[in-house]
Amino acid sequence: QVQLVESGGGLVQAGGSLRLSCAASGRTFSGYVMGWFRQAPGKEREFVSSITWSGGITYYTDSVKGRFTIPRDNAKNTVYLQMNSLKPEDTAVYYCAAKIATLLQWNYWGQGTQVTVSS
């Protein structure tokens, strides 16, 4: 059974950095895409970033380009979200997700980790 476990959230001042981790287990993830989503209070969940497990192709939503990166460690089955130059509007619950690369549906989700950016 696939499990995604996030960690690394917390409270940080604007301009600061945080690194989220997503430890994946339960299968091999070649052929999968790993992603990060976030949901702010009163808003819908939105896509933040993704990376293909095998080829390392990355995508970012416009609001985080140049500030966030999504490195991965295949040996540890872990994907990260490195968040720099954080803004109060980045405050949200961040979720790790996984899907088969050829499908649209995100099949697996973590429990979420809170990120709060104070001004």
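The preceding data block contains the structure.
Residues numbered from 1 in each chain as written. Predicted model: local features only at pLDDT ≥ 70, side-chain atom pairs only at ≥ 80, totals over all residues. Heavy atoms only, no water.

## Things to note about the state of the cysteines
Per the counting criterion, the structure on display carries one disulfide. Disulfide pairing is shown between C22 and C96; the S-S distance is 2.0 Å. Judged by the sign of its S-S torsion, about -75 degrees, the cystine formed by C22 and C96 is left-handed. One end of the pair, C22, is in strand β3 (residues 18–25); the other, C96, is in strand β10 (residues 92–100), and 74 residues separate them in sequence. By the burial criterion, C22 is buried, and C96 matches it. (Disulfide = S-S within 2.5 Å. Helix = DSSP H or I, 4+ residues; strand = E, 2+ residues; numbered from the N terminus. Buried < 20%, exposed > 50% of the residue type's maximum accessible area, 1.4 Å probe, protein only.)

## Section: the side chain of T91
As for its placement among the helices and strands, T91 is situated in the loop between β9 (78–83) and β10. A distance of 2.9 Å separates the side chain of T91 from the backbone oxygen of P88, its partner in a polar contact. Reaching out from T91, the side chain makes a polar contact with the backbone nitrogen of V117 at a distance of 2.9 Å. Setting aside chain neighbours within four positions, we find T91 in contact with A40, Q114, V115, T116 and V117. (Polar contact = N/O pair within 3.5 Å; in protein donor to acceptor, adjacent residues only side chain to side chain. Contact = heavy atoms within 4.5 Å.)

## Focus on the nonpolar core
Counting 28 residues, the largest nonpolar core has L4, M34, W36, F68, L81, M83 and Y94 as its most contacted members. Excluding residues that lie within four positions of it along the chain, L81 makes contacts with L18, R19, L20, W36, V48, S49, F68, T69 and Y94. (Core = buried A, V, L, I, M, F, W, Y, C linked by side-chain atoms within 4.5 Å.)

## A few points about the packing of aromatic side chains
In this description, a pair of aromatic rings is defined by centroid distance and the angle of the planes. Inspection of every chain in the model, using the stated rule, returns six aromatic pairs. Pairing F29 with W53 gives two aromatic rings, centres 5.6 Å apart and planes at 45 degrees, and the pair type is tilted. Of this pair, F29 sits in the loop between β3 and β4 (32–39) while W53 sits in the loop between β5 (46–52) and β6 (58–60), placing them 24 residues apart in sequence. The buried category is assigned to F29, whose relative accessible area is 1%. An aromatic cluster is defined as three or more aromatic residues linked by ring pairs; in this entry it consists of F29, Y32, W53 and Y108. Sitting above the plane of the W109 ring, R45 keeps its charged end 4.5 Å from the centroid. One residue, K99, lies across the ring of W106, its end atom 5.6 Å from the ring centre. (Phe/Tyr/Trp six-rings, centres within 6.5 Å; stacked < 30°, edge-to-face > 60°. Lys NZ or Arg CZ within 6 Å of the ring centre and 35° of its normal.)

## A look at the pattern of salt bridges
Scanning the entire structure with this criterion turns up four salt bridges. Of the charged contacts in the structure, one is a salt bridge between R38 and E46, with a shortest N-O distance of 2.6 Å. The network of salt bridges with shared partners includes R38, E46, R67 and D90. (Salt bridge = Lys/Arg side-chain N within 4 Å of Asp/Glu carboxyl O.)

## Comments concerning the environment of Q1
Along the polypeptide, Q1 turns up in the segment before β1 (3–7). With relative accessibility at 84%, the residue Q1 sits in the exposed group. Separated by 25 residues in sequence, Q1 and G26 place their C-alpha atoms 4.9 Å apart. Not counting residues within four places of it along the chain, the set of residues in contact with Q1 comprises S25 and G26.

## What to know about the environment of G55
Note that G55 resides in the loop between β5 and β6. Residues G55 and K65 lie 10 residues apart in sequence; the distance between their C-alpha atoms is 20 Å.

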